[in-house]
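Understanding the architecture of this molecule
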Amino acid sequence: MLDIKRIREKPDEVREGISAKGGDGTLVERAIELDKRLRELKTQTENLRAEQKKKSGDFGRLKKEGGDIAKLQNELNDLKAKLAVGDDDLTRTEKDLQAVLDDMPNVPHKDVPRGTSAEQNVVVKSWGDIPKIANPKPHWEIGKAFGFEQERASRMSGAGFQLFLGPLAKLERALIQYFLHEHTEKNGYTEAYCPFLVRPHALYGTGQLPKFQVELFHAERDDLYLIPTAETPLTNIHADEILAESDLPKRYCGYTPCFRREKGAAGADTRGMVRGHQFTKVEMMEFQHPAKSYEAHETLTRNAEKLLEGLELPYKRVLICTGDSSAANAKQYDLEVYAVGVARWLEVSSCSNFEDFQARRCKIRYKDSVTGKNEFVHTLNGSGLATSRIIPALLENNLQPDGSVRLPKALHAYYGKATL
RNA sequence: GGAGAGGUGGCAGAGUGGCCGAUUGCGUCGGUUUCGAAAACCGAUUUACCUUCACGGGUAACGAGGGUUCGACUCCCUCCCUCUCCGCCA
(Lines give C-alpha, C1' and ligand atoms only; values in the text may rest on other atoms or scores of the structure.)
Protein backbone atom coordinates (compact mmCIF):
# COMPACT_ATOMS: atom_id res chain seq x y z
CA MET A 1 0.00 0.00 0.00
CA LEU A 2 1.18 3.48 -0.82
CA ASP A 3 1.33 6.34 1.64
CA ILE A 4 -1.63 8.64 1.12
CA LYS A 5 0.62 11.58 2.00
CA ARG A 6 2.95 10.68 -0.82
CA ILE A 7 0.00 10.47 -3.22
CA ARG A 8 -1.24 13.83 -2.01
CA GLU A 9 2.12 15.55 -2.16
CA LYS A 10 3.61 13.97 -5.28
CA PRO A 11 0.67 12.96 -7.43
CA ASP A 12 2.62 13.16 -10.70
CA GLU A 13 5.38 10.91 -9.48
CA VAL A 14 2.88 8.35 -8.22
CA ARG A 15 0.73 8.51 -11.33
CA GLU A 16 3.73 7.95 -13.56
CA GLY A 17 4.88 5.07 -11.37
CA ILE A 18 1.69 3.12 -11.22
CA SER A 19 1.03 3.64 -14.91
CA ALA A 20 4.49 2.30 -15.65
CA LYS A 21 3.54 -0.78 -13.65
CA GLY A 22 0.49 -1.23 -15.80
CA GLY A 23 -1.82 0.14 -13.12
CA ASP A 24 -4.61 2.64 -13.58
CA GLY A 25 -3.22 6.18 -13.32
CA THR A 26 -6.61 7.70 -12.66
CA LEU A 27 -6.63 5.98 -9.29
CA VAL A 28 -4.43 8.82 -8.10
CA GLU A 29 -7.12 11.42 -8.72
CA ARG A 30 -9.72 9.26 -7.05
CA ALA A 31 -7.53 8.73 -4.02
CA ILE A 32 -6.82 12.43 -3.68
CA GLU A 33 -10.46 13.29 -3.99
CA LEU A 34 -11.55 10.72 -1.43
CA ASP A 35 -8.76 11.73 0.92
CA LYS A 36 -9.83 15.35 0.75
CA ARG A 37 -13.42 14.42 1.39
CA LEU A 38 -12.41 12.14 4.23
CA ARG A 39 -10.50 14.85 6.03
CA GLU A 40 -13.33 17.32 5.62
CA LEU A 41 -15.78 14.82 7.04
CA LYS A 42 -13.40 14.07 9.87
CA THR A 43 -13.14 17.70 10.92
CA GLN A 44 -16.88 18.05 10.63
CA THR A 45 -17.75 15.07 12.80
CA GLU A 46 -14.95 15.91 15.20
CA ASN A 47 -16.46 19.33 15.80
CA LEU A 48 -19.89 17.83 16.33
CA ARG A 49 -18.50 15.31 18.73
CA ALA A 50 -16.62 17.98 20.67
CA GLU A 51 -19.88 19.86 21.08
CA GLN A 52 -21.64 16.72 22.15
CA LYS A 53 -18.96 15.94 24.68
CA LYS A 54 -19.10 19.37 26.19
CA LYS A 55 -22.88 19.52 26.37
CA SER A 56 -23.10 16.04 27.79
CA GLY A 57 -20.88 17.19 30.60
CA ASP A 58 -23.13 20.18 31.18
CA PHE A 59 -26.13 17.90 31.08
CA GLY A 60 -24.75 15.66 33.79
CA ARG A 61 -23.99 18.58 36.07
CA LEU A 62 -27.30 20.30 35.43
CA LYS A 63 -29.19 17.13 36.16
CA LYS A 64 -27.37 16.64 39.42
CA GLU A 65 -28.23 20.20 40.44
CA GLY A 66 -31.83 19.61 39.50
CA GLY A 67 -31.96 22.27 36.75
CA ASP A 68 -34.11 22.25 33.65
CA ILE A 69 -32.62 19.73 31.24
CA ALA A 70 -35.32 19.61 28.58
CA LYS A 71 -33.72 22.17 26.24
CA LEU A 72 -30.26 20.66 26.46
CA GLN A 73 -31.65 17.22 25.89
CA ASN A 74 -33.25 18.37 22.64
CA GLU A 75 -30.01 19.87 21.45
CA LEU A 76 -28.19 16.69 22.28
CA ASN A 77 -30.67 14.50 20.47
CA ASP A 78 -30.23 16.76 17.49
CA LEU A 79 -26.48 16.38 17.61
CA LYS A 80 -26.82 12.65 17.89
CA ALA A 81 -28.84 12.47 14.69
CA LYS A 82 -26.35 14.62 12.82
CA LEU A 83 -23.47 12.52 14.06
CA ALA A 84 -25.10 9.31 12.89
CA VAL A 85 -25.27 10.67 9.34
CA GLY A 86 -21.73 12.04 9.51
CA ASP A 87 -20.32 8.77 10.78
CA ASP A 88 -21.97 6.83 7.97
CA ASP A 89 -20.44 9.14 5.40
CA LEU A 90 -17.11 8.82 7.08
CA THR A 91 -16.99 5.02 7.11
CA ARG A 92 -18.15 4.81 3.53
CA THR A 93 -15.48 7.24 2.40
CA GLU A 94 -12.84 5.40 4.38
CA LYS A 95 -13.79 2.12 2.74
CA ASP A 96 -13.79 3.67 -0.72
CA LEU A 97 -10.37 5.14 -0.18
CA GLN A 98 -9.02 1.87 1.16
CA ALA A 99 -10.32 0.04 -1.91
CA VAL A 100 -8.58 2.51 -4.20
CA LEU A 101 -5.33 2.20 -2.28
CA ASP A 102 -5.55 -1.60 -2.34
CA ASP A 103 -5.82 -1.43 -6.10
CA MET A 104 -2.63 0.54 -6.59
CA PRO A 105 0.62 -1.22 -7.35
CA ASN A 106 3.86 0.04 -5.85
CA VAL A 107 5.72 2.92 -7.44
CA PRO A 108 8.85 1.54 -9.10
CA HIS A 109 12.27 2.89 -8.22
CA LYS A 110 13.41 5.61 -10.59
CA ASP A 111 16.28 3.45 -11.92
CA VAL A 112 13.95 0.70 -13.08
CA PRO A 113 13.62 0.71 -16.86
CA ARG A 114 10.17 1.71 -18.06
CA GLY A 115 8.58 -0.92 -20.25
CA THR A 116 5.50 -2.98 -20.87
CA SER A 117 6.83 -6.49 -21.38
CA ALA A 118 9.82 -8.78 -20.93
CA GLU A 119 11.27 -7.21 -24.10
CA GLN A 120 12.36 -4.19 -22.10
CA ASN A 121 14.07 -6.14 -19.36
CA VAL A 122 17.78 -5.44 -19.09
CA VAL A 123 20.47 -8.06 -18.67
CA VAL A 124 22.88 -6.51 -16.22
CA LYS A 125 25.27 -9.38 -15.80
CA SER A 126 26.18 -12.81 -17.15
CA TRP A 127 28.24 -15.54 -15.58
CA GLY A 128 29.57 -18.86 -16.79
CA ASP A 129 29.63 -20.57 -20.16
CA ILE A 130 26.85 -22.52 -21.73
CA PRO A 131 28.04 -26.13 -21.72
CA LYS A 132 28.47 -28.05 -24.95
CA ILE A 133 26.50 -31.26 -24.80
CA ALA A 134 26.64 -33.70 -27.70
CA ASN A 135 23.04 -34.89 -27.58
CA PRO A 136 21.09 -32.55 -25.35
CA LYS A 137 17.91 -33.98 -23.88
CA PRO A 138 15.08 -32.41 -21.93
CA HIS A 139 15.11 -33.08 -18.20
CA TRP A 140 11.91 -35.10 -18.24
CA GLU A 141 13.62 -37.67 -20.41
CA ILE A 142 16.86 -37.70 -18.45
CA GLY A 143 14.89 -37.76 -15.22
CA LYS A 144 13.19 -41.05 -16.00
CA ALA A 145 16.38 -42.88 -15.10
CA PHE A 146 16.59 -41.12 -11.73
CA GLY A 147 13.09 -41.43 -10.35
CA PHE A 148 11.03 -38.78 -12.12
CA GLU A 149 7.56 -40.33 -11.95
CA GLN A 150 5.26 -38.09 -13.92
CA GLU A 151 2.45 -40.58 -14.50
CA ARG A 152 2.25 -41.87 -10.96
CA ALA A 153 2.15 -38.29 -9.68
CA SER A 154 -0.68 -37.39 -12.05
CA ARG A 155 -2.65 -40.45 -11.07
CA MET A 156 -2.87 -39.34 -7.46
CA SER A 157 -2.91 -35.56 -7.84
CA GLY A 158 -3.53 -34.62 -11.45
CA ALA A 159 -1.31 -32.67 -13.77
CA GLY A 160 1.23 -30.28 -12.32
CA PHE A 161 2.53 -32.35 -9.45
CA GLN A 162 5.84 -34.12 -9.08
CA LEU A 163 6.77 -37.45 -7.67
CA PHE A 164 10.46 -38.18 -7.24
CA LEU A 165 11.68 -41.59 -6.20
CA GLY A 166 15.27 -42.29 -5.20
CA PRO A 167 18.02 -40.10 -6.69
CA LEU A 168 15.93 -37.06 -7.59
CA ALA A 169 14.21 -37.05 -4.21
CA LYS A 170 17.59 -37.12 -2.59
CA LEU A 171 18.89 -34.40 -4.89
CA GLU A 172 15.99 -32.21 -3.89
CA ARG A 173 16.93 -32.64 -0.26
CA ALA A 174 20.64 -32.08 -0.97
CA LEU A 175 19.86 -28.79 -2.69
CA ILE A 176 17.75 -27.56 0.19
CA GLN A 177 20.51 -28.48 2.62
CA TYR A 178 23.12 -26.73 0.55
CA PHE A 179 21.08 -23.54 0.22
CA LEU A 180 20.13 -23.35 3.87
CA HIS A 181 23.65 -24.10 4.98
CA GLU A 182 25.08 -21.24 2.91
CA HIS A 183 22.47 -18.77 4.12
CA THR A 184 22.69 -19.63 7.78
CA GLU A 185 26.42 -20.25 8.09
CA LYS A 186 27.81 -17.69 5.64
CA ASN A 187 25.21 -15.04 4.91
CA GLY A 188 23.80 -14.30 8.34
CA TYR A 189 20.23 -15.52 7.99
CA THR A 190 18.21 -17.04 10.78
CA GLU A 191 16.56 -20.25 9.69
CA ALA A 192 12.78 -20.27 9.94
CA TYR A 193 10.41 -23.18 9.77
CA CYS A 194 7.02 -21.68 9.12
CA PRO A 195 3.36 -22.48 8.53
CA PHE A 196 2.36 -23.58 5.04
CA LEU A 197 -1.23 -22.48 5.52
CA VAL A 198 -2.03 -18.91 6.44
CA ARG A 199 -4.97 -16.67 7.14
CA PRO A 200 -6.28 -14.22 4.57
CA HIS A 201 -4.88 -11.16 6.30
CA ALA A 202 -1.35 -12.56 6.05
CA LEU A 203 -1.73 -12.71 2.27
CA TYR A 204 -3.22 -9.26 2.25
CA GLY A 205 -0.11 -8.07 4.03
CA THR A 206 2.26 -9.29 1.36
CA GLY A 207 -0.01 -8.15 -1.46
CA GLN A 208 -1.28 -11.49 -2.81
CA LEU A 209 -4.80 -10.66 -1.65
CA PRO A 210 -7.21 -9.34 -2.68
CA LYS A 211 -5.91 -8.99 -6.24
CA PHE A 212 -4.50 -12.46 -6.90
CA GLN A 213 -7.06 -14.64 -5.22
CA VAL A 214 -7.51 -16.91 -8.23
CA GLU A 215 -3.86 -17.93 -8.11
CA LEU A 216 -4.18 -19.41 -4.63
CA PHE A 217 -5.30 -22.73 -3.21
CA HIS A 218 -7.88 -22.21 -0.52
CA ALA A 219 -8.95 -24.57 2.27
CA GLU A 220 -12.48 -23.37 2.49
CA ARG A 221 -13.66 -25.00 5.68
CA ASP A 222 -10.95 -23.31 7.67
CA ASP A 223 -10.54 -20.25 5.50
CA LEU A 224 -6.83 -20.89 5.22
CA TYR A 225 -4.72 -20.48 2.11
CA LEU A 226 -1.79 -22.62 1.04
CA ILE A 227 1.17 -20.31 0.73
CA PRO A 228 2.25 -19.45 -2.82
CA THR A 229 5.73 -18.55 -1.54
CA ALA A 230 7.61 -18.46 1.75
CA GLU A 231 7.59 -14.70 1.35
CA THR A 232 4.14 -14.71 2.92
CA PRO A 233 4.90 -16.40 6.26
CA LEU A 234 8.40 -14.91 6.50
CA THR A 235 7.20 -11.35 6.02
CA ASN A 236 4.40 -11.88 8.49
CA ILE A 237 6.82 -12.92 11.22
CA HIS A 238 6.95 -9.31 12.36
CA ALA A 239 3.48 -8.19 11.31
CA ASP A 240 1.98 -5.68 13.73
CA GLU A 241 5.26 -5.16 15.50
CA ILE A 242 7.37 -2.14 16.27
CA LEU A 243 11.01 -3.13 16.13
CA ALA A 244 13.90 -1.33 17.73
CA GLU A 245 16.07 0.44 15.19
CA SER A 246 19.02 -1.54 16.54
CA ASP A 247 17.20 -4.77 15.63
CA LEU A 248 17.53 -3.94 11.95
CA PRO A 249 18.31 -5.59 9.68
CA LYS A 250 16.57 -8.85 10.48
CA ARG A 251 17.25 -11.68 8.06
CA TYR A 252 15.41 -14.96 7.77
CA CYS A 253 15.60 -17.88 5.41
CA GLY A 254 13.39 -20.89 5.15
CA TYR A 255 12.39 -23.63 2.82
CA THR A 256 8.76 -24.30 2.04
CA PRO A 257 6.68 -25.91 -0.60
CA CYS A 258 4.88 -23.29 -2.66
CA PHE A 259 1.39 -23.83 -3.99
CA ARG A 260 0.10 -22.04 -7.05
CA ARG A 261 -2.93 -22.68 -9.16
CA GLU A 262 -1.22 -21.29 -12.28
CA LYS A 263 -4.65 -20.43 -13.49
CA GLY A 264 -3.53 -18.30 -16.38
CA ALA A 265 -0.81 -20.70 -17.49
CA ALA A 266 -2.93 -23.54 -18.84
CA GLY A 267 -1.04 -25.30 -21.60
CA ALA A 268 2.32 -23.71 -20.86
CA ASP A 269 5.19 -25.87 -19.69
CA THR A 270 2.96 -28.86 -19.13
CA ARG A 271 5.85 -31.23 -19.58
CA GLY A 272 8.58 -31.57 -17.05
CA MET A 273 9.20 -29.92 -13.72
CA VAL A 274 9.39 -26.29 -14.63
CA ARG A 275 5.88 -25.24 -13.83
CA GLY A 276 3.82 -27.13 -11.30
CA HIS A 277 1.14 -26.49 -8.73
CA GLN A 278 3.62 -27.34 -6.03
CA PHE A 279 7.33 -26.63 -5.94
CA THR A 280 10.01 -26.18 -3.36
CA LYS A 281 11.90 -23.03 -2.73
CA VAL A 282 14.33 -21.69 -0.19
CA GLU A 283 13.56 -18.05 0.43
CA MET A 284 15.65 -15.21 1.81
CA MET A 285 13.82 -12.46 3.61
CA GLU A 286 15.05 -9.22 5.08
CA PHE A 287 13.59 -6.43 7.18
CA GLN A 288 15.77 -3.44 6.54
CA HIS A 289 16.24 0.21 7.45
CA PRO A 290 14.86 2.38 4.60
CA ALA A 291 18.19 4.09 4.09
CA LYS A 292 19.92 0.78 3.43
CA SER A 293 17.40 -1.25 1.50
CA TYR A 294 18.86 -0.77 -1.98
CA GLU A 295 22.32 -1.71 -0.86
CA ALA A 296 20.75 -4.74 0.84
CA HIS A 297 18.91 -5.62 -2.36
CA GLU A 298 22.25 -5.97 -4.15
CA THR A 299 23.66 -8.16 -1.40
CA LEU A 300 20.60 -10.35 -1.29
CA THR A 301 20.69 -10.87 -5.04
CA ARG A 302 24.39 -11.60 -4.78
CA ASN A 303 23.65 -14.29 -2.18
CA ALA A 304 21.47 -16.07 -4.70
CA GLU A 305 24.10 -15.71 -7.41
CA LYS A 306 26.77 -17.29 -5.24
CA LEU A 307 24.63 -20.40 -4.96
CA LEU A 308 24.46 -20.64 -8.74
CA GLU A 309 28.20 -20.21 -9.01
CA GLY A 310 28.59 -23.01 -6.48
CA LEU A 311 26.33 -25.14 -8.64
CA GLU A 312 28.40 -24.19 -11.71
CA LEU A 313 25.32 -23.13 -13.64
CA PRO A 314 25.59 -20.34 -16.21
CA TYR A 315 23.24 -17.51 -15.34
CA LYS A 316 22.32 -13.97 -16.10
CA ARG A 317 20.95 -11.29 -13.85
CA VAL A 318 18.04 -9.43 -15.36
CA LEU A 319 16.68 -6.12 -14.17
CA ILE A 320 12.96 -6.44 -14.68
CA CYS A 321 11.24 -3.51 -16.33
CA THR A 322 8.24 -1.81 -14.76
CA GLY A 323 5.58 -3.58 -16.79
CA ASP A 324 7.01 -7.06 -16.25
CA SER A 325 7.66 -6.79 -12.52
CA SER A 326 5.17 -7.88 -9.90
CA ALA A 327 2.81 -5.29 -8.48
CA ALA A 328 4.11 -5.00 -4.93
CA ASN A 329 7.81 -4.46 -5.54
CA ALA A 330 9.76 -1.32 -6.39
CA LYS A 331 12.71 -3.08 -7.98
CA GLN A 332 13.19 -6.65 -9.07
CA TYR A 333 16.08 -8.71 -10.33
CA ASP A 334 15.51 -12.14 -11.78
CA LEU A 335 18.23 -14.72 -12.08
CA GLU A 336 17.95 -17.01 -15.06
CA VAL A 337 19.86 -20.19 -15.65
CA TYR A 338 20.43 -21.69 -19.04
CA ALA A 339 19.24 -25.26 -19.48
CA VAL A 340 20.62 -26.86 -22.64
CA GLY A 341 18.00 -29.58 -22.97
CA VAL A 342 15.04 -27.27 -23.28
CA ALA A 343 17.38 -24.63 -24.73
CA ARG A 344 15.89 -21.91 -22.56
CA TRP A 345 16.75 -19.53 -19.77
CA LEU A 346 14.87 -20.63 -16.67
CA GLU A 347 13.97 -18.20 -13.92
CA VAL A 348 15.48 -19.65 -10.75
CA SER A 349 15.26 -16.63 -8.49
CA SER A 350 13.43 -13.38 -8.16
CA CYS A 351 14.86 -10.81 -5.77
CA SER A 352 12.80 -7.78 -4.86
CA ASN A 353 12.83 -4.66 -2.79
CA PHE A 354 9.31 -3.76 -1.72
CA GLU A 355 10.32 -0.61 0.12
CA ASP A 356 7.52 0.08 2.61
CA PHE A 357 4.69 -1.27 0.43
CA GLN A 358 4.30 -4.54 2.35
CA ALA A 359 5.38 -3.09 5.69
CA ARG A 360 2.54 -0.62 5.50
CA ARG A 361 0.02 -3.39 4.88
CA CYS A 362 1.55 -5.64 7.55
CA LYS A 363 2.20 -2.76 9.96
CA ILE A 364 5.86 -3.51 10.47
CA ARG A 365 7.58 -0.49 11.91
CA TYR A 366 10.64 0.59 13.81
CA LYS A 367 11.31 3.53 16.08
CA ASP A 368 13.55 5.89 14.15
CA SER A 369 16.23 7.52 16.28
CA VAL A 370 16.46 10.64 14.15
CA THR A 371 12.78 11.48 13.69
CA GLY A 372 11.74 9.87 16.98
CA LYS A 373 8.73 8.47 15.17
CA ASN A 374 7.57 5.03 14.20
CA GLU A 375 8.53 4.49 10.58
CA PHE A 376 7.81 1.59 8.28
CA VAL A 377 10.67 -0.80 7.58
CA HIS A 378 11.60 -1.87 4.08
CA THR A 379 11.06 -5.50 3.18
CA LEU A 380 13.09 -7.49 0.70
CA ASN A 381 13.03 -11.06 -0.38
CA GLY A 382 14.43 -13.37 -2.95
CA SER A 383 14.50 -17.02 -3.84
CA GLY A 384 17.68 -18.73 -2.94
CA LEU A 385 16.75 -20.90 -4.81
CA ALA A 386 13.85 -22.77 -6.39
CA THR A 387 14.66 -26.48 -6.76
CA SER A 388 12.07 -26.94 -9.50
CA ARG A 389 14.22 -24.97 -11.91
CA ILE A 390 17.61 -25.98 -10.62
CA ILE A 391 17.06 -29.71 -10.98
CA PRO A 392 16.18 -29.47 -14.69
CA ALA A 393 19.25 -27.33 -15.32
CA LEU A 394 21.53 -29.71 -13.46
CA LEU A 395 20.14 -32.72 -15.30
CA GLU A 396 20.36 -31.16 -18.74
CA ASN A 397 23.66 -29.32 -18.41
CA ASN A 398 25.56 -32.11 -16.68
CA LEU A 399 24.39 -35.05 -18.74
CA GLN A 400 27.30 -37.37 -19.51
CA PRO A 401 27.62 -39.44 -22.69
CA ASP A 402 26.94 -42.60 -20.69
CA GLY A 403 23.62 -41.24 -19.48
CA SER A 404 24.78 -40.42 -15.96
CA VAL A 405 24.60 -36.92 -14.50
CA ARG A 406 27.59 -35.27 -12.92
CA LEU A 407 27.01 -33.19 -9.79
CA PRO A 408 28.89 -29.98 -8.97
CA LYS A 409 31.41 -30.19 -6.14
CA ALA A 410 29.30 -28.07 -3.85
CA LEU A 411 26.68 -30.80 -3.71
CA HIS A 412 28.93 -33.80 -3.18
CA ALA A 413 28.86 -33.62 0.58
CA TYR A 414 25.11 -33.13 0.66
CA TYR A 415 24.28 -35.76 -1.91
CA GLY A 416 26.86 -38.21 -0.75
CA LYS A 417 28.48 -38.84 -4.13
CA ALA A 418 29.60 -37.11 -7.31
CA THR A 419 27.07 -38.42 -9.79
CA LEU A 420 23.38 -39.19 -9.83
C1' G B 1 -14.87 -31.86 19.13
C1' G B 2 -16.19 -30.04 24.57
C1' A B 3 -15.50 -26.33 28.66
C1' G B 4 -13.59 -21.80 30.54
C1' A B 5 -10.70 -17.05 30.57
C1' G B 6 -9.29 -12.83 28.03
C1' G B 7 -8.13 -8.78 24.07
C1' U B 8 -6.06 -1.45 27.11
C1' G B 9 0.18 2.57 25.29
C1' G B 10 7.21 -0.58 23.07
C1' C B 11 6.10 -4.76 26.81
C1' A B 12 3.61 -6.26 31.41
C1' G B 13 -0.73 -4.91 33.77
C1' A B 14 -4.69 -1.48 36.63
C1' G B 15 -9.18 0.78 35.59
C1' U B 16 -16.33 -1.64 35.85
C1' G B 17 -21.18 4.81 33.20
C1' G B 18 -19.16 11.57 33.33
C1' C B 19 -13.49 13.15 37.76
C1' C B 20 -9.42 8.19 32.39
C1' G B 21 -5.93 9.19 26.83
C1' A B 22 -5.99 6.39 30.82
C1' U B 23 -2.69 4.40 38.00
C1' U B 24 1.69 1.56 38.19
C1' G B 25 5.99 -1.51 36.87
C1' C B 26 9.56 -2.69 33.08
C1' G B 27 11.93 -1.00 28.73
C1' U B 28 13.73 3.24 25.86
C1' C B 29 15.65 8.35 25.60
C1' G B 30 17.69 12.82 28.18
C1' G B 31 19.88 14.73 32.74
C1' U B 32 22.37 14.50 37.79
C1' U B 33 26.32 11.50 39.88
C1' U B 34 31.12 8.89 38.06
C1' C B 35 37.83 8.74 35.43
C1' G B 36 34.20 5.76 32.75
C1' A B 37 30.28 2.39 33.64
C1' A B 38 26.65 0.03 36.88
C1' A B 39 23.33 1.42 40.70
C1' A B 40 20.48 5.38 42.56
C1' C B 41 17.79 9.85 41.75
C1' C B 42 15.11 13.56 38.42
C1' G B 43 12.51 14.25 33.82
C1' A B 44 10.52 12.66 29.10
C1' U B 45 8.22 8.65 26.42
C1' U B 46 0.94 6.04 22.03
C1' U B 47 -1.03 7.16 17.36
C1' A B 48 -4.01 9.70 13.60
C1' C B 49 -6.14 14.10 11.94
C1' C B 50 -6.97 19.53 12.28
C1' U B 51 -4.64 24.24 13.54
C1' U B 52 -0.06 27.59 14.38
C1' C B 53 5.91 30.82 11.28
C1' A B 54 6.97 28.61 15.82
C1' C B 55 6.21 27.48 21.21
C1' G B 56 1.77 25.40 21.45
C1' G B 57 -3.53 24.33 21.05
C1' G B 58 -7.75 21.13 19.59
C1' U B 59 -10.39 16.41 18.34
C1' A B 60 -10.52 11.24 18.07
C1' A B 61 -8.92 6.19 19.10
C1' C B 62 -8.90 1.15 25.01
C1' G B 63 -9.59 -5.96 19.15
C1' A B 64 -13.67 -4.69 14.94
C1' G B 65 -18.69 -3.45 14.11
C1' G B 66 -23.55 -2.47 16.02
C1' G B 67 -26.94 -1.32 20.32
C1' U B 68 -28.50 1.01 25.16
C1' U B 69 -27.55 6.16 27.19
C1' C B 70 -27.67 13.14 27.24
C1' G B 71 -22.77 10.60 27.92
C1' A B 72 -19.35 4.03 27.12
C1' C B 73 -12.62 1.58 28.32
C1' U B 74 -16.71 0.57 31.64
C1' C B 75 -23.54 -2.26 30.26
C1' C B 76 -25.82 -5.46 25.96
C1' C B 77 -25.34 -8.06 21.00
C1' U B 78 -22.51 -9.92 16.73
C1' C B 79 -17.89 -10.95 14.60
C1' C B 80 -12.50 -11.51 14.70
C1' C B 81 -8.36 -12.97 17.53
C1' U B 82 -5.46 -15.04 21.79
C1' C B 83 -4.77 -18.16 25.97
C1' U B 84 -5.94 -22.36 29.53
C1' C B 85 -8.09 -27.18 30.59
C1' C B 86 -10.37 -31.88 28.68
C1' G B 87 -10.82 -35.23 24.37
C1' C B 88 -8.42 -36.96 19.83
C1' C B 89 -3.82 -37.32 17.33
C1' A B 90 1.85 -37.14 14.01
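Refer to the structure printed above.
Cut-offs used in this document
- Residues numbered from 1 in each chain as written.
- Chains lettered and ligands numbered in written order.
- Predicted model: local features only at pLDDT ≥ 70, side-chain atom pairs only at ≥ 80, totals over all residues.
- Heavy atoms only, no water.
- Helix = DSSP H or I, 4+ residues; strand = E, 2+ residues; numbered from the N terminus.
- Buried < 20%, exposed > 50% of the residue type's maximum accessible area, 1.4 Å probe, protein only.
- Areas by Shrake-Rupley, 256 points an atom, 1.4 Å probe, with all protein chains shown as cover.
- Lys, Arg positive; Asp, Glu negative; His and termini not counted.
- Charge placed at Lys NZ, Arg CZ, Asp CG, Glu CD.
- Pairing = 2+ DSSP bridges.
- Axes fitted to C-alpha atoms, helices over the stretch in contact; angles between N-to-C directions.
- Contact = heavy atoms within 4.5 Å.
- Arc of directions from axis to C-beta.

For chain A, the helix and strand inventory stands at 13 helices and 14 strands. Dimensions of chain A, computed from C-alpha atoms along their principal axes, come out at roughly 105 × 45 × 40 Å. Expressed as a percentage of its 420 residues, the buried residues of chain A come to 48%. For chain A, the accessible surface area stands at approximately 20600 Å², while carbon and sulfur atoms represent 49% of it. In chain A, the 62 positive side-chain charges and the 62 negative ones have mean positions that sit 2 Å from each other.

Spatial ordering of the open sheet is given by β6-β12-β13, a layout of three strands whose pairing is mixed. With one partner strand each, in any of the chains shown, β6 (241-244) and β13 (374-376) form the two edges of the open sheet. In this sheet, adjacent strand axes meet at a mean angle of 40° when their direction is disregarded. Of the pairings in the sheet, the one linking β6 to strand β12 (residues 364-367) comprises four bridges and is parallel in character. Across the sheet, Ile-242 pairs through a bridge with Arg-365, a residue of β12.

Below, the discussion takes up the sheet that holds strand β7 (residues 250-259). Reading across the sheet, the eight strands line up as β1-β9-β10-β11-β14-β8-β7-β2 and stay open at both edges, with mixed pairing between neighbours. Among the strands making up the open sheet, the edge pair consists of β1 (122-127) and β2 (190-191). As judged from the five bridges shared by β1 and strand β9 (residues 315-319), these two strands associate in the antiparallel manner. Note on β9: the bridge partner recorded for Val-122 is Leu-319. Across the sheet, helix α10 (residues 293-310) touches β1, β8 (278-288), β9, β10 (331-339), β11 (344-353) and β14 (378-386), and the angle it forms with β10 is around 10°.

This next bit is on helix α2 (residues 11-20). Of all the positions in α2, only Val-14, Gly-17, Ile-18 and Ala-20 are classed as buried. Looking straight down α2, one finds its buried side chains confined to an arc of 155°; they lie on one side. Here the buried face of α2 lies against α1 (4-9) and α3 (27-65). Trailing α2 by a residue or two, Gly-22 shows a phi angle of about 85°, which is positive.

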